[in-house]
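# Architecture at a glance
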Amino acid sequence: MKFRKIAILGAGLLGASFAFAAKSCGLCGRISAWSRSESTREKCSRLPDIFDTVSSEPGEAAEDADLTVICVPTENIPELASKIAPSLKEGSLVTDVGSVKGKICRLCSESVGAFGARFVGSHPMAGSEKIGIDFADEKLFNSRPCFVTPLSESDECAAAAVSEAWKALGMRVYTVSPQLHDAIVARVSHLPHLAATLVCDVAADFDMNLLPYSGPGFRDTTRVASGSPQIWESIVADNRDEILSALGDFSSRLDALIGAIKSGDKGGVSSALKKAKAFRDKL
């Protein structure tokens, strides 16, 4: 599969990495870019081998594109999709990289579908606590999982095309409903981030600076807490119900562990540790 033109709307870490990888593997002939940030647009302009054109307006970047990839914070995706919809070529594909899919898929499908384009949600699990085009990497997607989330069976052909694009970038693609996606990532992405946040909060509120004493375990456990608070505020708001469900499960297990430690129940503590190790060792 090869697209004649791909538009990247939001040339940050994921958007720019998509562009680098797409040009590297020959997924497309041309790439147009748009970013809300003037400095990012300037950086794109200094990469003519990657970005053939750079636009100050998203609709202009999306014009005549066979595939448009929206790479902005989740709270801004529906609005941006609606804004570019009149500029989209009939029959073209639109996808995104948002980490919440239910609301995004519904609203974006309505807005771009009204102009003859087709929206299929995506979520490449390839992010980082680092953000911005300066950290772009064409190998960012290699062997990482990616969700493709069609709204219905009628989107099967469009979903297949979007899936093949991600596979070309080296990703392992899983096609699920938007609702199942949100339930999964609440537990494997959103919950870990919030748990890391609380671990940092506990350490930060201790009555002395603990950072000089922290080793690789603390660093590994809390790495994701360095993610953008603005982005994560949006994620928590957009996936509220599933995150609350995951936090409820986490809370009940935490209470059980606290109870086992208080009562001296070594078997209960050991059981939790062994179950966690067995699960983690499979990664």
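The coordinates are above.
I will try to describe carefully the structure that is included in this document. A quick note: this is a predicted structure, and the numbers were derived from the prediction, not measured. (Residues numbered from 1 in each chain as written. Predicted model: local features only at pLDDT ≥ 70, side-chain atom pairs only at ≥ 80, totals over all residues. Heavy atoms only, no water.)

Turning to the sheet that holds strand E6 (residues 118–119), a few remarks are in order. Across the sheet, which stays open at both edges, the six strands sit in the order E3-E2-E1-E4-E5-E6 with parallel pairing between neighbours. What marks the edges here is a single partner per strand, and that holds for strand E3 (53–55) and E6. Across three bridges, the pairing between strand E2 (residues 28–34) and E3 is parallel. By the bridge assignment for E3, Ser-32 is matched with Thr-53. Along the sheet face, helix H4 (residues 77–84) touches strand E1 (3–9), E2, strand E4 (67–70) and strand E5 (93–96) and points at about 150° away from the line of E4. (Pairing = 2+ DSSP bridges. Helix = DSSP H or I, 4+ residues; strand = E, 2+ residues; numbered from the N terminus. Contact = heavy atoms within 4.5 Å. Axes fitted to C-alpha atoms, helices over the stretch in contact; angles between N-to-C directions.)

Quick look at the sheet that holds strand E9 (residues 172–175) now. Strands sit in the order E7-E8-E9 across an open sheet of three strands; the sheet is mixed. Because the sheet does not close on itself, it has two edges, and the strands there are strand E7 (121–124) and E9. Averaged over all adjacent pairs, the angle separating strand axes in this sheet is 20°, with direction ignored. Pairing of strand E8 (residues 145–149) with E9, which is carried by four bridges, proceeds in the parallel orientation. Each bridged residue has a counterpart across the sheet, and for Pro-145 the counterpart in E9 is Arg-172. The strands touched by helix H6 (residues 156–168) are E7, E8 and E9; relative to E8, the strand with the most contacts, the crossing angle is about 165°. Most of the contacts of helix H7 (residues 178–204) go to E8, to which it runs at about 150°, and overall it touches E7 and E8.

One pass over the structure, following the stated rule, counts three aromatic pairs. Seen in terms of ring centroids, Phe-18 and Phe-141 are 6.5 Å apart; in terms of plane orientation they differ by 75°. Their pairing is edge-to-face. Of the two residues, Phe-18 is situated in helix H1 (residues 13–25) and Phe-141 in the loop between E7 and E8; the sequence distance between them amounts to 123 residues. Among the residues examined, Phe-18 registers a relative accessible area of 2% and is labelled buried. Ring centres of Phe-18 and Trp-166 lie 5.1 Å apart, and the angle between their planes is 90°; on these two criteria the pair is classed as edge-to-face. Here Phe-18, found in helix H1, pairs with Trp-166, found in helix H6; they are 148 residues apart in sequence, far enough to count as distant. (Phe/Tyr/Trp six-rings, centres within 6.5 Å; stacked < 30°, edge-to-face > 60°. Buried < 20%, exposed > 50% of the residue type's maximum accessible area, 1.4 Å probe, protein only.)

Okay, the pattern of salt bridges next. Side chains bearing opposite charge may pair, as long as their charged atoms lie close to each other. Per the stated rule, a full pass over the model turns up 10 salt bridges. A salt bridge links Lys-101 to Asp-96; its shortest N-O distance comes to 2.9 Å. The same class applies to Lys-101 as to Asp-96, namely buried. Where salt bridges share partners, they join Arg-4, Asp-64, Asp-66 and Lys-89 into one cluster. (Salt bridge = Lys/Arg side-chain N within 4 Å of Asp/Glu carboxyl O.)

Counting through the fold element by element, Ser-35 comes out in the loop between E2 and helix H2 (38–45). Reaching out from Ser-35, the side chain makes a polar contact with the backbone nitrogen of Ser-37 at a distance of 3.2 Å. (Polar contact = N/O pair within 3.5 Å; in protein donor to acceptor, adjacent residues only side chain to side chain.)

It is worth spelling out the pairing of E2 at this point. Extensive coverage of E2 is indicated by the burial of five of its seven residues. By the bridge criterion, six bridges tie E1 to E2 in an arrangement that is parallel. Its bridge partner being in E2, Leu-9 is matched across the sheet by Trp-34. In this view, the connection linking E1 to its parallel neighbour E2 by way of H1 has right-handed handedness. Taken together, E2, H2 and E3 constitute a β-α-β crossover, and its handedness is right-handed. (Right-handed = clockwise from strand over helix to strand, strands pointing away.)

With 13 residues, H6 extends 18 Å from end C-alpha to end C-alpha; this agrees with the ideal 18 Å at 1.5 Å per step. Of the positions making up H6, those classed as buried are Ala-158, Ala-159, Ala-161, Val-162, Ser-163, Ala-165 and Trp-166. Where H6 terminates, the next one or two residues include Gly-170, which has phi positive at roughly 100°. (Expected span 1.5 Å × (residues − 1).)

A few words now on the packing of H4 against helix H5 (residues 102–113). For the pair H4 and H5, the least separation of the axes is 8 Å and the interaxial angle reads 10°. It follows that H4 is roughly parallel to H5 by the angle criterion. Judged by residue contacts, Ile-77, Pro-78, Ala-81 and Ser-82 of H4 engage Ile-104, Leu-107, Cys-108, Ser-111 and Val-112 from H5. Here the residues of the contact of H4 with H5 are counted per class, giving seven nonpolar, two polar and no charged. (Parallel < 35°, antiparallel > 145°, perpendicular 65-115°, else oblique. Nonpolar A, V, L, I, M, F, W, Y, C, P; charged D, E, K, R; others polar.)

It is worth spelling out H7 at this point. For an α-helix, the turn length of 3.6 residues means that residues three or four places apart are oriented alike. Here H7 is 27 residues long and its end C-alpha atoms lie 36 Å apart, about the 39 Å a rise of 1.5 Å per residue gives. Along its length, H7 reaches its greatest deviation from straightness, about 50°, at Ala-186. Burial in H7 covers these residues: Pro-178, His-181, Asp-182, Ala-183, Val-185, Ala-186, Ser-189, His-190, Leu-191, His-193, Ala-196 and Ala-203. Lining the buried residues of H7 we find H5, E7, E8, helix H8 (216–222), helix H9 (229–238) and helix H10 (240–263). (Bend = angle between axes of the 7 residues up to and from the residue.)

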